[in-house]
Amino acid sequence: HGMRLTTRNVPGMGDRVQAFYLSDRVMTVSFHKYGNFFPGTGALEDIGCRTGKGYAVNLPLRDGMNDQAYEYLFKPTIEKVIEVFRPGAIVLQCGADSLTSDRIGSFNLSIKGHGECVKYVKSLGLPTLVLGGGGYSIRNVARCWAYETSVILDETLDDELPYNEYFEYYGPDFRLHIPTHPTMENQNSRSYLDELLASATETLRGLAHAPSVQMQELPPSMAVRDDDYDDDDELDERLAQRERDPDFVKPDEFYDGDRDQDRWSSWHCEF
């Protein structure tokens, strides 16, 4: 008998958990920036298709998401998923592009707030595989993954970074934790978060129980062929429109070279 597997995406881009869109053997839950942003997938109404209908939960987030608002949404959503789907294992994919001051992200999460997701999932006591993810302010990605490794191992790290060959990259404060932006507006209102929670709960309510995942050869009639997709598929149309949008690529997305050290996003270094 195979394992039930649920994947979760700590907020970031919503392109990582769509691979199981047609399957009920994996419950996918994605918390991500949505809107005029790559890759354009992960709308609230994207809940899976065919056998996988109801087994994809997408929570599209707006700019300025902070620690308090994210915890308000994350924990009850995951609690409900565990209750309904009863997974045998978890794959937790941690996108660091949701951290404050990411060069192309637009959230305002602290490293501790981001790590709280890992801490909560770990507390569930299920076999868990933790993966890294996106993140475009490289120094902060390293900070985040170092901290979350310490959470997994129940270790405590000093905020003051030890000297190493990359020490200069973490100046001028040389600290593990970075400050959030004090004036950044959180566009995720309480009413909007409640709407997301209600939608996720309604999607999960339609699942009578966790599906059987016995391993067996897939019958030919169940195989997905290219011609199974309608030419006018709504999701395909939405993605195509995103690609045509001239503002789809953020100006600061690409590095100028090896010495480009996140000039756009290092506002906190000026204090």
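Residues numbered from 1 in each chain as written. Predicted model: local features only at pLDDT ≥ 70, side-chain atom pairs only at ≥ 80, totals over all residues. Heavy atoms only, no water.

Caption draft 1: View of the pattern of salt bridges. Taken as a whole and judged by the stated rule, the model has eight salt bridges. The residue K75 makes a salt bridge to E116 at a minimum N-O spacing of 3.1 Å. In this pair, K75 sits in helix α1 (residues 67–85) while E116 sits in helix α2 (residues 111–123), placing the two residues 41 residues apart along the sequence. The partner of D173 in a salt bridge is R143, with the nearest N and O atoms 3.8 Å apart. (Salt bridge = Lys/Arg side-chain N within 4 Å of Asp/Glu carboxyl O. Helix = DSSP H or I, 4+ residues; strand = E, 2+ residues; numbered from the N terminus.)

Caption draft 2: Representation of the packing of α1 against helix α4 (residues 190–205) within the structure. Running from N to C, α1 and α4 point in directions that differ by 10 degrees, and their axes come no closer than 10 Å. Judged by the angle between their axes, α1 and α4 are roughly parallel. Counted together, A69, Y72, L73, P76, T77, K80, V81 and V84 of α1 and R190, L193, D194, L196, L197, A200, T201 and L204 of α4 form the full contact between these two elements. (Axes fitted to C-alpha atoms, helices over the stretch in contact; angles between N-to-C directions. Parallel < 35°, antiparallel > 145°, perpendicular 65-115°, else oblique. Contact = heavy atoms within 4.5 Å.)

Caption draft 3: How the structure looks around a nonpolar patch on the surface. A cluster of nonpolar side chains, V130, I152 and L153, forms an exposed patch at the surface whose accessible area comes to about 230 Å². Mapping L153 onto the fold places it in the loop between α3 (138–152) and α4. (Patch = residues over 30% accessible without salt bridge, like charges linked within 9 Å, V, L, I, M, F, W, Y side chains within 5 Å. Areas by Shrake-Rupley, 256 points an atom, 1.4 Å probe, with all protein chains shown as cover.)

Caption draft 4: Layout of the packing of aromatic side chains. Counted under the stated rule, the structure contains eight aromatic pairs. Between the aromatic rings of Y70 and F74, the centroid separation amounts to 5.3 Å while the plane-to-plane angle is 35 degrees, which identifies the pairing as tilted. Of this pair, Y70 and F74 both sit in helix α1, separated by four residues, roughly a single helical turn. Given a relative accessible area of 1%, F74 falls into the buried group. Through successive ring pairs, a cluster of aromatic residues spans F31, Y70, F74 and Y120. Note that R62 overlies the ring of Y192, its terminal NZ or CZ placed 3.6 Å from the centroid. Across from the ring centre of Y72, 4.0 Å away, lies the NZ or CZ of R190, which sits over that ring. (Phe/Tyr/Trp six-rings, centres within 6.5 Å; stacked < 30°, edge-to-face > 60°. Buried < 20%, exposed > 50% of the residue type's maximum accessible area, 1.4 Å probe, protein only. Lys NZ or Arg CZ within 6 Å of the ring centre and 35° of its normal.)

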